[in-house]
Each structure stands twice: as structure tokens, then as C-alpha cells.
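One-letter residues, chain by chain:
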Amino acid sequence: MKKTLLIAIVMVLAGASVSVVRGAQASGTAQATPPAQTQQQPQGRRGGPPLTPEQIAENERRARLRGEYSRYRANNDLLYYHLDVRIDPAKKLVTGKNTIRFKMLTDDTRIQLDLYANLNVDRIVQGKTELKYSRDANTVYVDFPSTLKSGSVQSIDFFYSGTPTQTGRFGGFVFGKDPAGRDWIYTACEGEGAAIWWPNKDQWHDEVENMDLSVAIPSALTDASNGRFVRKTDLGDGFTRWDWKINYPINNYNVSVNIATYQHWQEKVGDVTMDFYVLPEDVERAKPQYAQAKGMMEAFEHFFGEYPFVKDGYKLIHVPYTGMEHQSAVTYGNGFQNGYGGGNRDWTGVGISLKFDFIVVHESGHEWFGNAVSAADASDMWIQEGWCTYLEALYVEHVYGLADAITYLNGYKPKIQNQTPIVRERGLHRSPTGNDQYFKGALMLNTLRSVVDDDKKWMKLLRDTYDTFKYKNSMTEDIVAFFNKQTGMNLTPIFNQYLRHTAIPVLDLEFDAANGTVRYRWKVDEPGFTMPVRVGAEDAWQTITPTTEWQTMRTTRSKESFMVQTDRYFVNVNKS
């Protein structure tokens, strides 16, 4: 069972939305949206007037209610879901139940679940006993008639119905149409939370060990969901049920339905089945792009070993937004072109992005970091996004060489905002501001590679990190402690400076030409910060280890010719 880290979350309860790298809601065609700028004054829904202090306080309360791993969440450990739903596009209605099995960790009479307030709780039962419940915003408190004992395994059936809200950048839950006017229904609810369309314990900290998913839809349509396809059953009323078995821990927001008139084909890479789904008109356009998934699989298996969800297989599924990392059911809407966002857009601006399809590589990279290795709290989202962005560079390195990988990573520098720390207050249902968890996180890892200064050790460290935290939800502190142990170095101040402070390190250099010396130190926020860095010239680098105290070295180089290897270290340089 996964225990401990979170995701790109928005304060949907507050009516706010967040812009992240992955995709934009569109009609039929994928479009890219630039990263959102931080607002200087809290705004109302859809750019309305500034929020009042009372509204801000209520939003904060709801964000904590949604995000905090409080008593009635922490008193139980999820074991299993069977989500059994009927999706009726004509009525725009979802009905069904979720069977929830959990183990009590303490004696208690209540648990906390989640379902958006616009959806109906039809009833909640345990066996033949109907349970009492109460609602607060999108929270559902379920009360039991007697104390549930610690260590006992419990099961309830949560029946619900309603029309899910379409909201957020990806849509949340969308009853849409494809360009030919046929039904195209899909979910993409990472920020909004899975409770936007089904009842669950909507937390990153805790994941079921496995899950069954049953989706009844009009018989002319196909459902492509997570896990291994089991069967489809004609229900005799114009609907067909598609049954899927998810054999691994899965985060709630990853659970997805993708319903359309898909064409489907299957291939294999080793033992991994690769299933591809696309609208019929786009099959020929899709095939060359989807073929890149084989190279992606080979590259990431090179670095991290076997694909983490072999029993469930891998899917790439056509959707009308740019893409999302739904576990074993990666969604794709990148216009069947290389780059990112359609139109052959050079995402990093250095010419390398156009060599591959960004969505195939990035969203599939999340199978390793994001889905197998997961964060337990939204504040630790860099564990998913920073690592996955770094995996893009590993892909480039594997296919095109290290020089291109370094160039590719440095192309992300202009996208970094340095406005707020990446790791912020935990227990709030909201994402870090901006996109620094992606780009700054990846460049921090590139910096650490140079700090370790041994590529063989670095690649082993990456693999060991993956193997250690696979199928777990982890905190930043867990990753840092592991790096410290494996390297024998105290890397905590480096992690802290990049993740818990806004500014990146500045190397202060003061030149004394008359004496042929240069003084140097790090200007940082983190006490005890020490980090080696290479200086001098491209053909004669030397490693120095500045601290926050001034040190002096001799140099024959002028201020203008004295270089710092800033393509390998994400730092700024101040010469005087």
C-alpha cells in the first residue's frame, strides 16, 4: 500500500484554478496554455472582484478540510476499491457505487471520505445496515453504530448519483463531443481531485493496494481505463459494461474513464503489452507518434528496470487536452506532432524538443515517477514533476547524447519564476505557485549530478531511489535522507536552498587583478550551505567548494575570462 506524498492541486473549493505543464481544455484539438502568472491580489471565480477576508478565510478552511490528513483520515488504511458506475451521456448522469475496504489503525466510530457537494449521496451501507453520514463542503463523514476496532478490516458500499462538474484546466469530468459530433467522455482531475466524479478517500497519503473498475456505457462506445481489461458484458438495455482490474496501488486522481468511438490496436515491448486508442479519423496520423512509445519504454527501462505496471500493461489514449499521466492509461492530445502543444512547438526553445513527442515522453515518464514513486502531499509535488521533467532529459541523453540532454535541461531556465518556495505548507489542498516544481526541480537534480561528480554513482543513485520508493508515497524528507545515506554527503542544505527558499544560489566573486586572486562565497538563505562548483575555463575546469564565508584562490584569469560551469550547476554568478 502506498503511504505518504501529494500532487498538482488547486483550490477548487475556493473556485480558483491552477495552470500546470500538462494540458489545456480544448474542443477536438489540443492547445497549449502558458504557465499561469501569480496573482498579486486574491481574485474571485473566473476573474471576478477581489475576495473578501471572510471568503479568503473560508477558502482556507475548505482547503485544509480537503488537504489535511486529519484524525478521521489517518485512523484507517485503504485496502481496496470496486468502483462500479453507469455513465449516461444522453442524461449527462453518473450513477453507481464504490465498495471501499479499509483497515482500522485506531479504535474509532467515524471515517472521512470525499464527494463533491453537487453530487448526491444516495446511501451508504455496511452489509445490511444503512449508515448515518454528514456533509461539510465536499467532505462526507461516515458514522458507524459501534466502535470499529484497531486492526479490523471493514467494508462499506457508497451509492451516489449526479452530474459531475466540468471545471479546471483539464475539465475534471467532461461529457464532450468529438469533431464528428460523437460522444467523447473523459476524466482529468488531478488538481480538482477524484471526488469531482466518484466517492473516495481523496488523499495522496493513502492508496488502495488494488482495485476493480466497472464502467457501463452506451454499447456503441469504447471505454479505455486503467489496469488490465477483463471483459465486456452486454447489459441488454443498450449499455455495455467494461471491467478492468488494477493490480497495483493507484492514486485516486489517476483513476480514469476515456469513452469514445475508439479504434484500438495492441503491440508489445518485451513482456509489456502496449494498447493504443485513437479516434478512427486519426489512426494514420497517430501511428507514427504512438510508435515513439516503444522508444520511450526502452529508454526508461534502461535507467530504471522493468516497467512498473507490467500486469496492467501500458496504454496511450487519444483525448482532446494535451495529456495526463493516468496510471497504465496515459492520455494523449498533442496534435500528433513532435514538440509540445501542437504546431511543432519547440517547448524548450533550443531545437531539441522537436526531435520527439513531449507528451509521449513526459506523461509516460510519470509511470516511473508520479505513479510508481509518488508524493504524499501537494507540497512535495516536485518528487513527481521535477523528477519526471528530469526523466525527459534522461530520455534525450539515452537517445541523442549527454550534450543534447544538458542543452535541453538548460532550455527550461527562462520558465523558472523563483517567486515562492517549491515545498510550502503541508495539509492544504492547493498546488505550489507557478511551475518551478517542474523546471527548477529538474535543474536541481542536474546540479546534484555534478555535486556527486561520478556518473556511474549518479545513475546507480537514480535507480536505487526508484527501487526504494516504488509503490510508496513519500515526503521530501524521505528523499533527502536517502540521498544523504547513499552518497555519504550532507546534501540537506542544497535541497533546502532549492526547495524551501525562493532564490537559487549566487556565487559571489571578487577579483583582485593586482594580486592575481579571486575571493568567492555562496550567497544563499540556507544556513550551513556548502556546494562544490566548477570554475575556470571549459578546457581547464577546477572544482572549488565555496561556503557562505569568503575564501581566496589564486587565478591568472581576468574577471571576463573566469567562467563558472552554469550549464551543470543551476546557480547565478555575481562578479565584482
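### Some words on the sheet that holds strand E29 (residues 563-564)
Pairing is antiparallel across the open sheet formed by three strands, whose spatial order is E27-E26-E29. Strands at the two margins of the open sheet, each flanked by one partner only, are strand E27 (542-544) and E29. Examined bridge by bridge, strand E26 (residues 533-536) and E27 share three bridges and lie antiparallel to one another. Note that in E27 the partner of valine 533 across the bridge is isoleucine 544.

### Brief notes about the pairing of strand E7 (residues 139-148)
Relative to E7, strand E3 (residues 108-114) runs antiparallel, the two being bridged by six bridges. By the bridge assignment, isoleucine 111 is partnered in E7 with valine 142. In the sheet, strand E6 (residues 132-136) pairs with E7 via five bridges, with the strands oriented antiparallel. Note on E7: the bridge partner recorded for lysine 132 is aspartate 143.

### A short note on the nonpolar core
With 159 residues, the main nonpolar core has Ile87, Trp197, Tyr314, Trp368, Trp382 and Phe483 as its most contacted residues. Those residues in contact with tryptophan 197 that sit more than four places away from it in its chain are Leu83, Val94, Leu119, Tyr160, Pro164, Phe173, Thr187, Cys189, Val255, Ser256 and Val257.

### Remarks on the sheet that holds E7
If you walk across this open sheet you meet the three strands as E3-E7-E6, and the pairing is antiparallel. Across the chains shown, the open sheet's two edge strands, defined by having one partner strand only, are E3 and E6. Neighbour to neighbour, the strand axes of the sheet diverge by 25 degrees on average, direction disregarded.

### Regarding helix H4 (residues 292-304)
Note that an α-helix has 3.6 residues per turn; residues three or four places apart therefore point the same way. With 13 residues, H4 extends 18 Å from end C-alpha to end C-alpha; this agrees with the ideal 18 Å at 1.5 Å per step. Of the residues making up H4, those classed as buried are Gln292, Ala293, Met296, Met297, Ala299, Phe300, Phe303 and Phe304. Downstream of H4 by a residue or two, glycine 305 has a phi angle that is positive, lying close to 85 degrees.

### Quick word on unusual backbone geometry
For aspartate 453, which is not glycine, the phi torsion reads 60 degrees and is therefore positive. Secondary-structure assignment places aspartate 453 in the loop between helix H8 (436-452) and helix H9 (455-469). Owing to a relative accessible area of 48%, aspartate 453 belongs among the partly exposed residues under this scheme. Although it is not a glycine, tyrosine 471 sits at a positive phi angle of roughly 60 degrees. Along the chain, tyrosine 471 turns up in the loop between H9 and strand E23 (472-474).

### Re the pattern of salt bridges
Pairing is possible between side chains of opposite charge, provided their charged atoms come close. According to the stated counting rule, one finds 31 salt bridges in the structure shown. Across the pair aspartate 202 and arginine 66 runs a salt bridge whose closest N-O atoms are separated by 3.3 Å. Remark: arginine 66 occurs in helix H1 (residues 53-67) and aspartate 202 occurs in the loop between strand E11 (183-188) and strand E12 (210-218); sequence separation between them is 136 residues. It is possible to trace a salt-bridge network through shared partners that takes in Glu58, Arg61, Arg62 and Asp136.

### Things to note about the packing of aromatic side chains
In this description, an aromatic ring pair is defined by two values, namely the gap between the centres and the angle between the planes. Under the counting rule described, the total for this entry stands at 50 aromatic pairs. Ring geometry for tyrosine 72 and tyrosine 141: centres 6.2 Å apart, planes at 80 degrees, overall edge-to-face. Within this pair, whereas tyrosine 72 is found in helix H2 (residues 71-74), its partner tyrosine 141 is found in strand E7, the two being separated by 69 residues in sequence. Like tyrosine 141, tyrosine 72 is buried. An angle of 75 degrees between the planes, with centres 6.2 Å apart, marks the rings of tryptophan 458 and phenylalanine 483 as edge-to-face. You can see tryptophan 458 sitting in helix H9 and its partner phenylalanine 483 sitting in helix H10 (residues 476-487), a full 25 residues away along the chain. The exposure class assigned to tryptophan 458 is buried, which follows from its relative accessible area of 0%. By relative accessible area, which is 0% here, phenylalanine 483 ends up buried. The ring of tyrosine 72 has arginine 110 lying over it, and the distance from NZ or CZ to the ring centre is 5.5 Å.

### What about the environment of valine 571?
Considering the arrangement of structural elements, one finds valine 571 in the loop between E29 and strand E30 (572-575). Relative accessible area serves as the criterion here: at 4%, valine 571 is assigned to the buried category. For the pair valine 571 and valine 85, spaced 486 residues apart in sequence, the C-alpha to C-alpha distance is 51 Å. What valine 571 contacts, discounting residues up to four positions off in sequence, is Tyr498, Ile504, Pro505, Trp522, Met531, Val564 and Thr566.

### So, the side chain of asparagine 138
Looking at the secondary structure, you find asparagine 138 in the loop between E6 and E7. Exposure remark for asparagine 138: the relative accessible area of 9% places this residue in the buried category. A polar side-chain atom of asparagine 138 sits 2.9 Å from the main-chain amide nitrogen of alanine 117.

Criteria and thresholds
Residues numbered from 1 in each chain as written. Predicted model: local features only at pLDDT ≥ 70, side-chain atom pairs only at ≥ 80, totals over all residues. Heavy atoms only, no water. Pairing = 2+ DSSP bridges. Helix = DSSP H or I, 4+ residues; strand = E, 2+ residues; numbered from the N terminus. Core = buried A, V, L, I, M, F, W, Y, C linked by side-chain atoms within 4.5 Å. Buried < 20%, exposed > 50% of the residue type's maximum accessible area, 1.4 Å probe, protein only. Contact = heavy atoms within 4.5 Å. Axes fitted to C-alpha atoms, helices over the stretch in contact; angles between N-to-C directions. Expected span 1.5 Å × (residues − 1). Salt bridge = Lys/Arg side-chain N within 4 Å of Asp/Glu carboxyl O. Phe/Tyr/Trp six-rings, centres within 6.5 Å; stacked < 30°, edge-to-face > 60°. Lys NZ or Arg CZ within 6 Å of the ring centre and 35° of its normal. Polar contact = N/O pair within 3.5 Å; in protein donor to acceptor, adjacent residues only side chain to side chain.

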